[in-house]
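# Examination of the molecular architecture
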Amino acid sequence: MKLKPIYVFLILSASFLWYSFSIYIKPLSTKENTTFNKKMASDGQLVWQYYNCQSCHQLYNLGGYLGPDLTNVISNPDKGEKVIRAMVKSGTKQMPAFTLSDNEMDLLVEYLKSTDASGSADLRKLKINNFGMIEEGERK
Ligand code: HEC
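The following paragraphs examine the structure supplied in this document.

## What about the packing of helix α3 (residues 80-90) against helix α4 (residues 102-118)?
- At their nearest, the axes of α3 and α4 sit 11 Å apart, and the two run at 135° to each other. One way to sum up the angle between α3 and α4 is to call them oblique. α4 is crossed by α3, and the crossing has right-handed handedness. On α4, the residues touching Glu81, Ile84, Arg85 and Val88 of α3 are Met105, Asp106, Leu108, Val109, Leu112 and Lys113.

As structure tokens, this is what we get:
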């Protein structure tokens, strides 16, 4: 059977539209119970950039490799907000202490809540679906 070019064109266009539509209606994150203030989180990103935390830390596995990845530090039961505040304020032998205002600190914490809500740094928790997209869930 020989397909007319116009049908090939229509089938490809329909597939393109269907696929684009299905991507746009898909929620960005499957995580529940993670609430954060969007405005504060985006200001917090500026704090993160201003103090150059990225030079030593990774988010979503990208960044400097001196310190640990901080994407999910907020939801880590052993770390969380208290550890973030303490680390930034006091530092350690390997991490310098920073003098942030209370407001900057709150914004930074909000930003790390947003990274936690939008991704996972642990590659073992990500799987690749049939469309080649990355999803959350245990890898097989
Ligand atoms: C000069 C490199 C460097 C910079 C810049 C830096 N850190 Fe760190 N950070 C480290 C290292 C190294 C550790 C691990 C320290 C240790 O365990 O003694 C660490 C640990 C941490 C931890 C604890 C994480 C965990 O899982 O134990 C947090 C939270 C943290 N840093 C936040 C920040 C924030 C926020 C900034 C920016 C304001 C920042 N760091 C900037 C090097 C850095």
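Further notes follow.
## Section: the coordination of the iron atom of the ligand
- All of the protein donors around the iron atom of the ligand are His57 (NE2) and Met95 (SD); their distances to the metal are 1.9 to 2.1 Å.
- Between the six donor atoms coordinating the iron atom of the ligand, the angles at the centre fall across 85 to 179°, so the site counts as octahedral. Residue His57 is found in the loop between α2 (38-50) and β1 (58-59), and its partner Met95 is found in the loop between α3 and α4; the two are separated by 38 residues along the sequence.
- Judged by relative accessible area, Met95 falls into the buried class, the value being 15%.

## Thoughts on the side chain of Glu110
- Looking at where Glu110 falls in the secondary structure, it is placed in helix α4.
- Discounting chain neighbours no more than four positions away, the residues touching Glu110 are Phe36, Asn37, Met40 and Ala41.

## Some points on the site of the ligand
- Close to the ligand lie 20 residues, the nearest being Cys53, Cys56, His57, Lys79 and Met95.
- At 3.2 Å from an oxygen atom of the ligand is found a side-chain nitrogen or oxygen belonging to Thr92.
- Mapping the ligand onto the cavity grids shows that it belongs to the largest pocket.
- Per element, the largest residue contribution to the shell around the ligand is three residues, and it comes from α3.
- Residue composition of the shell around the ligand, grouped by class: 13 nonpolar, six polar and one charged.

## Remarks on the layout of surface pockets
- In this model, the largest pocket occupies a volume close to 640 Å³.
- Lining the largest pocket we find 30 residues, and of these His57, Pro68, Leu70, Met87 and Met95 sit closest to its centre.
- Taken together, the elements giving at least two residues each to the lining of the largest pocket come down to α3 and α4.
- When its residues are assigned to classes, the lining of the largest pocket shows 19 nonpolar, nine polar and two charged.

## Here's the deal with the pattern of salt bridges
- Under the counting rule described, the total for this entry stands at four salt bridges.
- Of the charged contacts, one joins Arg85 and Glu81 as a salt bridge, the two residues approaching to 3.0 Å between their closest N and O atoms. Separated by four residues within a single helix, Arg85 and Glu81 lie in helix α3, roughly one turn from each other.

Rules of the game
- Each chain carries its own residue numbering, running from 1 in the direction its sequence is written.
- With the structure being a predicted model, the display of local features is reserved for residues of pLDDT at least 70 and the display and counting of side-chain atom pairs for 80 or more, all residues being used for whole-chain, interface and lining totals.
- To obtain the side-chain values, all non-hydrogen atoms of the structure were included, while hydrogens and water were left out.
- Lines fitted to the C-alpha atoms define the axes, with helices restricted to the stretch that makes contact. Angles between their N-to-C directions range from 0 to 180 degrees.
- Numbered from the N terminus, helices here are DSSP runs of H or I no shorter than four residues, and strands are runs of E no shorter than two.
- These descriptions rest on fixed angle ranges, namely under 35 degrees for roughly parallel, over 145 for roughly antiparallel, 65 to 115 for roughly perpendicular, and the rest for oblique.
- Helix crossings fall into two classes, left-handed where the near helix is turned counterclockwise from the far one by less than a right angle and right-handed where it is turned clockwise.
- Contact between two residues is taken to exist if any of their heavy atoms lie within 4.5 Å; hydrogens are not considered.
- The rule for donors is simple: N, O or S, within 2.8 Å of the metal, or within 3.2 Å if the metal is Na, K or Ca. Water isn't counted, so a site may look like it is missing partners.
- In short, tetrahedral needs four donors with all angles between 85 and 135 degrees, square planar needs four and octahedral six donors with opposite donors over 155 degrees apart and all other angles between 65 and 115, and whatever is left is irregular.
- When a residue's accessible area, from a 1.4 Å probe over protein chains only, is under 20% of the maximum for its type it is buried; when over 50% it is exposed; and in between it is partly exposed.
- Proximity is defined per residue: if any heavy atom of the residue lies within 4 Å of a molecule or strand, that residue is considered near it.
- In protein, a polar contact means a hydrogen-donor-capable atom and an acceptor-capable atom, both N or O and within 3.5 Å, with residues adjacent in sequence counting only if both atoms are side-chain atoms; elsewhere, any N or O pair within 3.5 Å suffices.
- Think of a 1 Å grid over the protein atoms and nothing else: a 1.4 Å probe that fits but is trapped marks a cavity, an open set flanked by protein within 12 Å on at least five of seven lines marks a pocket, and residues with an atom within 4 Å of a point count as lining.
- Any molecule with more than half of its atoms within 2 Å of a cavity's or pocket's grid points is counted as sitting in it.
- Under this grouping Gly is polar, as are all residues other than the nonpolar Ala, Val, Leu, Ile, Met, Phe, Trp, Tyr, Cys and Pro and the charged Asp, Glu, Lys and Arg.
- Grid points are joined across faces, edges and corners, and a volume is the space filled by probe spheres set on the points.
- What counts as a salt bridge is simple: a side-chain nitrogen of Lys or Arg found within 4 Å of a carboxyl oxygen of Asp or Glu.

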